[in-house]
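Inside the fold
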Amino acid sequence: MENYSHTITVTTTPEKAYDALIHKIPLWWSELFKGSSSQTGEVFTIRFGEHIHKTMRVKELKVSSKVIWYVEDSLIAIPELKNQTEWIGTTIIWDIEHKESNTQIKITHIGLNPDIECYEICANGWIQFINSLKLFLETGKGNPYREYAEESPARS
């Protein structure tokens, strides 16, 4: 079965694309980021509110050309899904390639395929955040997941 894959062309350099994937995840994917993603072996967790998280280990880094993450833990606790841990054991590969005056970024999520329950939800999520990555790289401002805190009374 075909794994999820999506390619975008971005007006940026491969170096900036690589930097966004290893140092700037909170600026395009989720502001709820904990850990580190800039060296092989490091572990990071991203959250989307209280009920969705993914913990990944950096498996491989090739400067300005490839980033690979292995999903060690994941929970997508939404009522529509019976299997809320389908991302565990999947691998996310980012391939970065210079194309004329642009950069091509290809994501392949090995293990995310139409046979798994969350495929449609997760594929749509990837499109949303890949577009945020493109926006971030081209304008300096992405559209990551944000958790809005309730307004608290002013302190004196």
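None of the values given here were measured: they were computed from a predicted structure.

Here is what the cut-offs are and how they apply
Residues numbered from 1 in each chain as written. Predicted model: local features only at pLDDT ≥ 70, side-chain atom pairs only at ≥ 80, totals over all residues. Heavy atoms only, no water. 1 Å grid on protein atoms, 1.4 Å probe; cavity = no way out; pocket = protein on both sides within 12 Å on 5 of 7 lines; lining within 4 Å. Points joined across faces, edges and corners; volume = space filled by probe spheres on them. Helix = DSSP H or I, 4+ residues; strand = E, 2+ residues; numbered from the N terminus. Nonpolar A, V, L, I, M, F, W, Y, C, P; charged D, E, K, R; others polar. Salt bridge = Lys/Arg side-chain N within 4 Å of Asp/Glu carboxyl O. Buried < 20%, exposed > 50% of the residue type's maximum accessible area, 1.4 Å probe, protein only. Contact = heavy atoms within 4.5 Å. Expected span 1.5 Å × (residues − 1).

A word on the layout of surface pockets. In this structure, the largest pocket spans a volume of roughly 270 Å³. Taken together, 14 residues line the largest pocket, and the ones lying closest to its centre are Phe48, Lys54, Ile121, Gly125 and Phe129. Among the secondary structure elements, those contributing two or more residues to the lining of the largest pocket are β4 (52-62) and α2 (119-139). For the lining of the largest pocket, the residue count by class is 11 nonpolar, 2 polar and 1 charged.

Turning next to the pattern of salt bridges. The full count for this structure, using the stated rule, is 7 salt bridges. In this structure, Glu60 and Lys62 form a salt bridge, with 3.4 Å as the shortest nitrogen-oxygen distance. One salt bridge in this structure joins Lys134 and Glu138, with 3.2 Å as the shortest N-O distance. Placement of both Lys134 and Glu138 in helix α2 is noted, with a separation of 4 residues, approximately one turn of the helix. Residue class for Lys134 comes out partly exposed when judged on its relative accessible area of 26%.

So, on to helix α1 (residues 14-23). When α1 is considered as a whole, its buried residues turn out to be Pro14, Ala17, Tyr18, Ala20, Leu21 and Ile22. Considering only its buried residues, α1 is in contact with β4, β5 (66-76), β6 (91-99), β7 (102-110) and α2.

Another point: the side chain of Lys54. Relative to the helices and strands, Lys54 is located in strand β4. Sequence-distant contacts of Lys54, that is, excluding residues within four places in its chain, are made with Phe44, Thr45, Ile46, Phe48, Asp73, Ser74, Ile76 and Trp87.

Here the focus is α2. The first and last C-alpha atoms of α2 sit 30 Å apart over 21 residues, in line with the 30 Å expected at 1.5 Å per residue. Residues of α2 that are buried make contact with β1 (4-10), α1, β5, β6 and β7.

Purely geometric stuff here, so don't read any function into it on its own.
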